[in-house]
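In case you want the letters, here they are:
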Amino acid sequence: MKDAHMPINIAIVGVGNCASSLVQGLTHYAGRNDATGLMHHSLAGYRPDDIRVVAAWDIDARKVGRDVAQAIFALPNCTAVFAPEVPDTGAVVRMGRVLDGVAEHMADYPEARTFLPADEPEPTRDEVVAALRDARVDVLMNYLPVGSQKATEFYAECALEAGVAFVNNIPVFIASDPAWAERFEKAGVPIIGDDIKAQLGATIVHRVLTDLFHKRGVKLCRTYQLNTGGNTDFLNMANHKRLEKKKISKTEAVQSVAADRIADENIHVGPSDYVAWQNDNKVCFLRMEGELFGGVPMNLELRLSVEDSPNSAGVAIDMIRCAAIARDRGLAGPVLAPAAYFCKHPPEQMTDDEAYEAVEAFIAEGLPVAASLS
């Protein structure tokens, strides 16, 4: 295994709110022994301190050409600032490929709320691959907007050619697509995805309650999950054509833990509306209707309010470290246990209890006995 004191070099595609929370978090946890907010403080010897941002791409004029440490606070980012003094990373945000990363309707909104594509030459695949190699990137983080199929495939190709582990945080199916999975396996490159599952967000809460219904013998008859928010992610998803795979990802995450598959007309899971003043706050309205003993009806309603992007950042830190140790161990293709625990649409769905046990076993694999028991 790579020396745990050596850094994990990461590159970021899409310097939006999620990237902002991740980079702020690396500063927040630097030098701390307090693990509050982290699922693992040390993961196979790697700590958050070991992660370094060495390259980044974005298409917004307010971010391109700036150090990542400044770009994460540029508009239209609107997430919570919990680490205002982020030191310069030395990584300057490069102009990225636009492709399908910017939905047409985004041009109809105020500049402070939407993307402003920079008037800069877009990079070729060879240029991105060269930059990944020159920066000695270990893990490439995909934070592109939902619906960016072509753009995600472009950067996945770059990761394959550069031999860089790929973490796919969005609901474009790469790790869970058999053809792509085979390509990563043949190239000897690990991939974790697809679609990051927040630390305590709508999907994980919905899954846990669905599993609880199953374990307690309650028939789940109907359910919905309605989400509102005011960040660029919700604005981007106002175009419902970009939502197809997001809805599949979120719906299958719930269906996979139900006792019996719920009829399509009786389950609705997905983003519902853009409310600008909410900014990065996401509100989930959850309803579950079921039948108890004797067929007696019951229902449950829940309202969950979370800051959306910090809710995913701790999970991202674990995904980075799992991708790094997969690379250290010479693994290739989809890394199943971390994907099942950290993602909504992994190649192999598991219950959350099963996924937790699997990822802990994955982390402990290859460690000295004393370390794996500590």
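What you see is a predicted model; the values in this text were computed from it and never measured.

Procedures and definitions
- Residues numbered from 1 in each chain as written.
- Predicted model: local features only at pLDDT ≥ 70, side-chain atom pairs only at ≥ 80, totals over all residues.
- Heavy atoms only, no water.
- Pairing = 2+ DSSP bridges.
- Helix = DSSP H or I, 4+ residues; strand = E, 2+ residues; numbered from the N terminus.
- Axes fitted to C-alpha atoms, helices over the stretch in contact; angles between N-to-C directions.
- Contact = heavy atoms within 4.5 Å.
- Buried < 20%, exposed > 50% of the residue type's maximum accessible area, 1.4 Å probe, protein only.
- 1 Å grid on protein atoms, 1.4 Å probe; cavity = no way out; pocket = protein on both sides within 12 Å on 5 of 7 lines; lining within 4 Å.
- Points joined across faces, edges and corners; volume = space filled by probe spheres on them.
- Nonpolar A, V, L, I, M, F, W, Y, C, P; charged D, E, K, R; others polar.
- Right-handed = clockwise from strand over helix to strand, strands pointing away.
- Core = buried A, V, L, I, M, F, W, Y, C linked by side-chain atoms within 4.5 Å.
- Salt bridge = Lys/Arg side-chain N within 4 Å of Asp/Glu carboxyl O.
- Patch = residues over 30% accessible without salt bridge, like charges linked within 9 Å, V, L, I, M, F, W, Y side chains within 5 Å.
- Areas by Shrake-Rupley, 256 points an atom, 1.4 Å probe, with all protein chains shown as cover.

S.K.: What exactly am I supposed to notice about the sheet that holds strand β8 (residues 267-274) here?
M.R.: The strands that make up a sheet are held in pairs by hydrogen bonds between backbone atoms, and each pair lies either parallel or antiparallel. What the four strands build is an open sheet, ordered β8-β7-β9-β10; its pairing is mixed. The open sheet has two edge strands with one neighbour each: β8 and β10 (297-307). Across this sheet, the average inter-strand angle for adjacent strands is 10 degrees, counted without regard to direction. Sitting on the sheet, helix α8 (residues 244-255) is in contact with β7 (219-229), β8 and β9 (281-291), with an inclination near 140 degrees to β8.

S.K.: Explanation requested: unusual backbone geometry in the structure shown.
M.R.: In most cases, non-glycine residues show a negative phi, while peptide bonds are predominantly trans. Here Leu-75 and Pro-76 are connected by a cis peptide whose omega angle stands at 10 degrees. Secondary-structure assignment places Pro-76 in the loop between α2 (68-71) and β3 (93-95). A cis geometry characterises the amide bond from Gly-193 onward to Asp-194, with omega recorded as 10 degrees. Tracing the sequence through the fold places Asp-194 in the loop between β6 (190-192) and α6 (202-215). Even without a glycine there, the phi angle at Leu-99 is positive, about 45 degrees. As for its position among the elements, Leu-99 is in the loop between β3 and α3 (125-134). The class for Leu-99 is partly exposed, based on a relative accessible area of 39%. Of note in the backbone geometry, Asn-279 takes a positive phi value of approximately 50 degrees without being a glycine. Looking at the secondary structure, you find Asn-279 in the loop between β8 and β9. We classify Asn-279 as partly exposed; its relative accessible area is 27%.

S.K.: Help me understand the layout of surface pockets, please; the structure alone is not making it clear to me.
M.R.: A probe as big as a water molecule, rolled over the atoms, marks out the empty space that is left. As a volume, the largest pocket reaches approximately 250 Å³. Lining the largest pocket are 13 residues, and of these Leu-26, Thr-27, Ile-51, Arg-52 and Pro-87 sit closest to its centre. Those elements giving two or more residues to the lining of the largest pocket turn out to be α1 (17-28) and β2 (51-58). Per-class residue counts for the lining of the largest pocket are eight nonpolar, two polar and three charged.

S.K.: Just checking my understanding: could you explain the pairing of strand β5 (residues 165-168) for this structure?
M.R.: For a regular strand, side chains alternate in direction, first toward one face of the sheet and then toward the other. Along β5, one buried face is formed by Ala-165 and Val-167 and the opposite face, lined by Phe-166 and Asn-168, is buried too. In this view, the connection linking strand β4 (residues 139-142) to its parallel neighbour β5 by way of helix α4 (residues 149-162) has right-handed handedness. For β5 and β6, the ladder comprises two bridges, and the chain directions are parallel. Counted as the bridge partner of Val-167 is Ile-192 from β6. In this fold, β5 hands off to helix α5 (residues 178-187), which returns the chain to β6; that crossover is right-handed.

S.K.: Help me out: how do you make sense of the nonpolar core in this one?
M.R.: Across soluble globular proteins, nonpolar side chains have a tendency to be buried as a group. Among the nonpolar cores identified, the biggest contains 52 residues, and Ile-10 and Ile-12 are the most heavily contacted of them. Here Ile-10 is in contact with Leu-22, Ile-51, Arg-52, Val-53, Val-54, Ala-55, Val-137, Val-139 and Ile-320, once residues within four sequence places are set aside.

S.K.: Is there a simple way to think about the pattern of salt bridges in this case?
M.R.: When the charged atoms of two side chains lie near each other, side chains of opposite charge can form a pair. On inspection of all chains with the given rule, the structure shows 19 salt bridges. Note that Asp-49 is salt-bridged to Arg-47, the shortest N-O span being 3.6 Å. A salt bridge links Arg-287 to Glu-301, with the shortest nitrogen-to-oxygen separation between them at 2.4 Å. Note that Arg-287 is positioned in strand β9 and Glu-301 in strand β10, a separation of 14 residues in sequence. One network of salt bridges, in which partners are shared, links Arg-125, Glu-157, Glu-161 and Arg-183.

S.K.: Just checking my understanding: could you explain the pairing of β4 for this structure?
M.R.: Residues Val-139 and Met-141 line one face of β4 and the alternating positions Leu-140 and Asn-142 line the opposite face, and both faces are buried. As paired strands, strand β1 (residues 8-13) and β4 are joined by four bridges and run parallel to one another. Bridge pairing in β4 places Ile-12 opposite Met-141. Judged from the four bridges that link them, β4 and β5 form a sheet pairing that is parallel. Note that in β5 the partner of Leu-140 across the bridge is Phe-166.

S.K.: Looking at this model, I keep getting lost on the side chain of Ser-249. Mind explaining?
M.R.: With respect to the helices and strands, Ser-249 occurs in helix α8. By relative accessible area, Ser-249 is classed as buried at 0%. Non-local contacts of Ser-249, meaning those with residues more than four positions away in its chain, are made with Pro-171, Phe-173, Asp-195, Lys-344 and His-345.

S.K.: Just to check I follow, could you spell out a nonpolar patch on the surface for this structure?
M.R.: A contiguous nonpolar patch, built from Leu-292, Phe-293 and Val-296 and spanning about 350 Å² of accessible area, is present on the exposed surface. Secondary-structure assignment places Val-296 in the loop between β9 and β10.

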